[in-house]
Amino acid sequence: GMEGEAEEEAEYDEHIWLSLKNAASCCEAIEKALASADTRNAGVYAENLAAYSEKIGELSDTYASIISEAKIKTLLFADRFPFRYLTEDYGLDYFAAFSGCSAESEASFETVTFLAGKLSELKLPCVLILEGSDTKMAQTVIQTAGSNAQILSVNSMQSVTAKDVEAGASYLDLMAANLIVLQAALGVI
């Protein structure tokens, strides 16, 4: 069935930064490279890494404790799905219209029907989309299911602009904001 296909297709997801655990590993690799290129400041890089890793760890622990209390353990995306590693980190299931790297934007009738079926069967409170996506597919899924689910968007940071960064959009802030959305999707809030 569809689940199997989606699983096989998504063996590799290039959106590794959307997993806090992977992000921590990336930071370690960057720190090593910086420290060896600029040995004089190696101590500063090590301190910065330690402080940042602690923040990532705290947020990851918060994710884990909130998700462990959630009654619902499934996310439904009427969109592409770049959060495979994040769901693996915390033992969540997901159903999505497309894999993370898919160029498709029009869902087939079968896909919409499948997602609507899951929405009804699991009585999910939310249908998720990515930042900047239109809500058309999500609305169709909700109408097909006869559901009153909310449409919420999560940030995959694929459209963060230099302006956002200047305005102080940080990785940790965006991942903390995503956790609030996940709490709604998992019926915690």
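No experiment lies behind these values; they were computed from the predicted model shown.

A. Representation of helix H2 (residues 20-37). The first and last C-alpha atoms of H2 sit 26 Å apart over 18 residues, in line with the 26 Å expected at 1.5 Å per residue. Residues Leu20, Ala23, Ala24, Cys27, Glu31 and Ala35 constitute the buried set of H2. Buried residues along H2 cover an arc of 105 degrees about the axis, so they all sit on one side. Turned more than 90 degrees away from the buried face of H2, the exposed residues are Lys32, Ser36 and Ala37. Packing partners of the buried residues in H2 comprise helix H3 (42-69), helix H4 (84-90) and helix H8 (171-185).

B. Representation of the pairing of strand E2 (residues 93-99) within the structure. Within E2, five of the seven residues are buried, which leaves it mostly tucked inside the rest of the structure. Crossover connection from strand E1 (residues 74-81) via H4 to parallel E2: handedness right-handed.

C. Looking closely at the environment of Ile66. Its location among the elements puts Ile66 in helix H3. Along the chain, Ile66 and Ser19 lie 47 residues apart, while their C-alpha atoms are 16 Å from each other. What Ile66 contacts, discounting residues up to four positions off in sequence, is Leu179, Gln183 and Val188.

D. Focus on the nonpolar core. Residues Tyr63, Leu75, Leu119 and Met175 are the most contacted members of the largest nonpolar core, which totals 55 residues. Every residue in contact with Leu75, bar those within four places of it in the chain, is listed here: Thr87, Leu92, Asp93, Tyr94, Phe95, Leu128, Leu182, Ala185 and Leu186.

E. Representation of the pattern of salt bridges within the structure. Following the criterion strictly, the structure yields two salt bridges and no others. Arg84 serves as the salt-bridge partner of Glu88, at 2.7 Å between the closest nitrogen and oxygen. With a gap of four residues between them, Glu88 and Arg84 both fall in helix H4, about one helical turn apart. Accessibility expressed as a relative area gives 12% for Arg84, which makes it buried. Taking the shortest distance from any N to any O, the salt bridge between Glu121 and Lys118 comes out at 3.5 Å. With Glu121 and Lys118 both in helix H5 (residues 109-122) and three residues apart, the pair spans about one turn of that helix. Using a relative accessible area of 51% as the deciding quantity, one classes Glu121 as exposed.

F. Summary view of the packing of H3 against H8. Where H3 contacts H8, the two axes come as close as 11 Å, and the packing angle between them is 5 degrees. Here H3 is positioned roughly parallel relative to H8, judged by the angle of their axes. Where H3 abuts H8, its residues Tyr52, Lys55, Ile56, Leu59, Thr62, Tyr63 and Ile66 lie against Tyr171, Leu172, Met175, Ala176, Asn178, Leu179, Leu182 and Gln183. Classifying every residue of the contact of H3 with H8 gives 11 nonpolar, three polar and one charged.

About the thresholds
- Residues numbered from 1 in each chain as written.
- Predicted model: local features only at pLDDT ≥ 70, side-chain atom pairs only at ≥ 80, totals over all residues.
- Heavy atoms only, no water.
- Helix = DSSP H or I, 4+ residues; strand = E, 2+ residues; numbered from the N terminus.
- Expected span 1.5 Å × (residues − 1).
- Buried < 20%, exposed > 50% of the residue type's maximum accessible area, 1.4 Å probe, protein only.
- Arc of directions from axis to C-beta.
- Contact = heavy atoms within 4.5 Å.
- Right-handed = clockwise from strand over helix to strand, strands pointing away.
- Core = buried A, V, L, I, M, F, W, Y, C linked by side-chain atoms within 4.5 Å.
- Salt bridge = Lys/Arg side-chain N within 4 Å of Asp/Glu carboxyl O.
- Axes fitted to C-alpha atoms, helices over the stretch in contact; angles between N-to-C directions.
- Parallel < 35°, antiparallel > 145°, perpendicular 65-115°, else oblique.
- Nonpolar A, V, L, I, M, F, W, Y, C, P; charged D, E, K, R; others polar.

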